[in-house]
Every structure is written in structure tokens, then in C-alpha cells.
Amino acid sequence: MKIIFASDSFKGSLDCARINELLARAVAEVFPGALCEDLWMADGGEGTAEAVVRALGGRWRTVEVPGPLREPVSARYGLLPGGRAIIEMAAASGLPLVPFDRRDPETATSSGTGRLIADALEQGVRDITIAIGGSATNDGGMGALQALGVRFLDPEGRELPGCGRSLGKVARVCLDELHPLADAARFTVMCDVTNPLLGPEGATMTFGAQKGADAAMQSRLEGGMARYAAAVEAATRRPAADEPGAGAAGGLGFALMSVLGATLRSGAETVLDLVEFDRRLADADLVITGEGRMDWQSAFGKVACAVGRHCRAAGVPAAAIVGSLLAGYQPIYDAGIDTVVTTVNAPMTLQQALDDSEALYLDAARRLLRALRCGMKMAGG
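> So what about helix α4 (residues 111-122)? Which residues, and what values?
Here α4 spans 17 Å end to end across 12 residues, near enough to the 16 Å set by a 1.5 Å rise per residue. The buried count for α4 comes to 10 of 12 residues, which makes it a mostly enclosed element. Within the span of α4, buried status applies to S111, G112, T113, G114, L116, I117, A118, D119, A120 and L121. Just downstream of α4, G124 is the residue with a positive phi angle, here 95°.

Shown next, in the form of C-alpha cells:
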């Protein structure tokens, strides 16, 4: 018997490594001798690069780059076999890098992310995947593009700094100094939001407040973003502001699509491709996936959903272990998950569930595997 572990982390309690250790322990007890293959999963947010680097035997490269407030940060990205790289925007331009009382999307910049992309190109990488969740910025990707050689000029021809405050001053975009290696590279953006760049569901109005923008600042940023987008599209002749995902990461999705020709894909699906999940499924008998909380959103591109769909296509049973199970989760069954088991096994507070997460997870894994063994006996297996 071969069992694949392909669970997302349980945020705040269990990372993928510990989940896989607990699953291996439960399998050894219930199905001694079974072959276990453990993967780290992610959906494009925090932990994505680590999951992919570990699965593919990549290596880390650390670079000092400007953080969201232009203070230097040490950011790492993954170099993968085959001339590929995986970059997390949050490592260089993420909200956790900015103290709560200093959040200001008018001054925050995505420059550090652009520096990581440039460094990867200079390392010989020609296939770059960028996970763009968790940004601190609302600069439309201006800072990242500037770090790649794009110049943004005001009406007097003066070069502007790449930040939210500059958006409304952009009169012309110069692409003639774009990094010379960018044209030969392929860019994939991992993104699970479908927001356009502008409007009530756009980057500023949807995500600006959590990055520190009050109503007045949101109005300024929205107006500036419209002018900036028009200037970028005039230079690239590649309209992208209305594309789903253009508003992700404060508009970085727009910048990467419009200037670099990036393709946006589901984060979870991209991870599954990168770790060659379908190949690993070929001789598998069971896949165990899961996430910290399963609800109605889980069937829309989250890890368990993506895993389930691939398992169904391959004819491999899939089960999910989750921390909590909330209303509206049932569509996950239509996505290919055959059964769901919760770790919570008695009335308890959230803090109790977090404090006892390892014991609760191990107990849930044992219950799941024993139920499977019972089914096999009933089937005569």
C-alpha cells in the first residue's frame, strides 16, 4: 500500500513537516509496512516556496533587498532543478515586515520583489513562479517594475519613486531599459483572488484598509492607480487592468501580466504541478490531505479541493483531516474528497484545540485509518 500525504499546514498550530510526521506514525500503527510519501502543500500564500523547494530538492538563495519601507531585509527564494525558481512576494514585500503602526500603502514599495526577480534572472533562471499573497503594498507593482529597469516619469520628465504616492503622477512609462533577460523568461503568478485592478472590488478598495489606508487615502490611491494603469497599458499595448487577479498584491498582478506577460494560475494547482503530483499519484492507493478550517471557501481553489480533483481524475481515494468543519463545506465532496475527519473530538475552546493540536491530529489520523481498515475488511480486502 502506498499512501501520499498532501496536507496544507494548520495555521498557528501545525506545519506540514509535523503533520507528515504524525501521519507517518499513525500509518505505522494501523498499516505497518505501508509506503508513505510525504509532500508539503500550499496554496500560493505563506509557506509555498518552502513546500516546493523541499519537494523538488531545490536550494535557497538569500538576497538583501529593500523591504516595504525601503529598509533592508534578507529575503530568500528557491532555486529549482531545470532552471526554475519560486519566489514569495511576502518574503520581500509582505505585510508582516511592517509594524502595525507604520503601515502606509502610499509609501510602501514592492521594489524588493522586483530585486528578487532580477536576481533570479541573473542566476540563469528562465522560468519564474511568483506567489503574491500577503503584500504590504498598493503601488500597482510600480516598485517591482522599477527594480527591473522600467522608468516612470512625471509630466516634467522626472523619474518617480516606485510607491503608492507616485501613482497619480505617472505621465509616461519607459520600457527600453527593462531587464534584458526578462524577454527570454517565462513568468507564472500564483494567485487565488480574482479582483480586477480598479473599482469597488479592485486592489485599493478591497485590500487597502488592511494595509493601513483610511477612506481619504483609498480615494487618492484609486485615482492614482487609474492614471498609472492607463500609462502602463499605453506603453505595453497589453490591457490587463480588468483581468481577474490584476488587483492581487496591491496591483502587482497587473504589473506582471501587463509588462512581463505573466500567466496567472491557481496557487494550489501550480504547487501540484511543480511537485509533479500526478506522476506521484500513478501508483498510490490513498491520499490524505487537509487544512486548518474547512468551509464553503474550501471548494474554490484551496489545497484540499485541488488535491481532490487530481485524485478523482486518477481514480485514487482522497481523505481530508481538518481542524474544524464549518457550514457549507459539503461541495468538497464534489471536488473529489471522499471523507472528512475533524481533529476536534469533544467540546473545547479554540485555545484548547491549538494547545493540544498534535495529540488531536494524531487521534484523528488513527480514526481515519482505522475506518479505512474496517472498510477494507468489509470489502474482503
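> So what's going on with the pattern of salt bridges? Which residues, and what values?
According to the stated counting rule, one finds 21 salt bridges in the structure shown. Its salt-bridge partner being E159, residue R151 comes within 3.8 Å of it at the nearest N-O pair. Of the residues examined, R151 reaches a relative accessible area of 25% and is grouped as partly exposed. E159 sits in the partly exposed class, given a relative accessible area of 45%. Salt-bridge contacts for E276 lead to R279; the nearest nitrogen and oxygen are separated by 3.1 Å.

> Lay out the side chain of S298 with the relevant residues and their values.
Mapped onto the secondary structure, S298 falls in the loop between β11 (286-294) and α11 (303-314). Within the structure, the side chain of S298 is placed 2.4 Å from the side chain of E291, a separation counted as a polar contact. Once you skip the residues sitting within four places of it in the chain, S298 turns out to touch E291, R293, C305 and I332.

The rules behind these values
Residues numbered from 1 in each chain as written. Predicted model: local features only at pLDDT ≥ 70, side-chain atom pairs only at ≥ 80, totals over all residues. Heavy atoms only, no water. Helix = DSSP H or I, 4+ residues; strand = E, 2+ residues; numbered from the N terminus. Expected span 1.5 Å × (residues − 1). Buried < 20%, exposed > 50% of the residue type's maximum accessible area, 1.4 Å probe, protein only. Salt bridge = Lys/Arg side-chain N within 4 Å of Asp/Glu carboxyl O. Polar contact = N/O pair within 3.5 Å; in protein donor to acceptor, adjacent residues only side chain to side chain. Contact = heavy atoms within 4.5 Å.

Keep in mind these numbers describe shape, not what the thing actually does.
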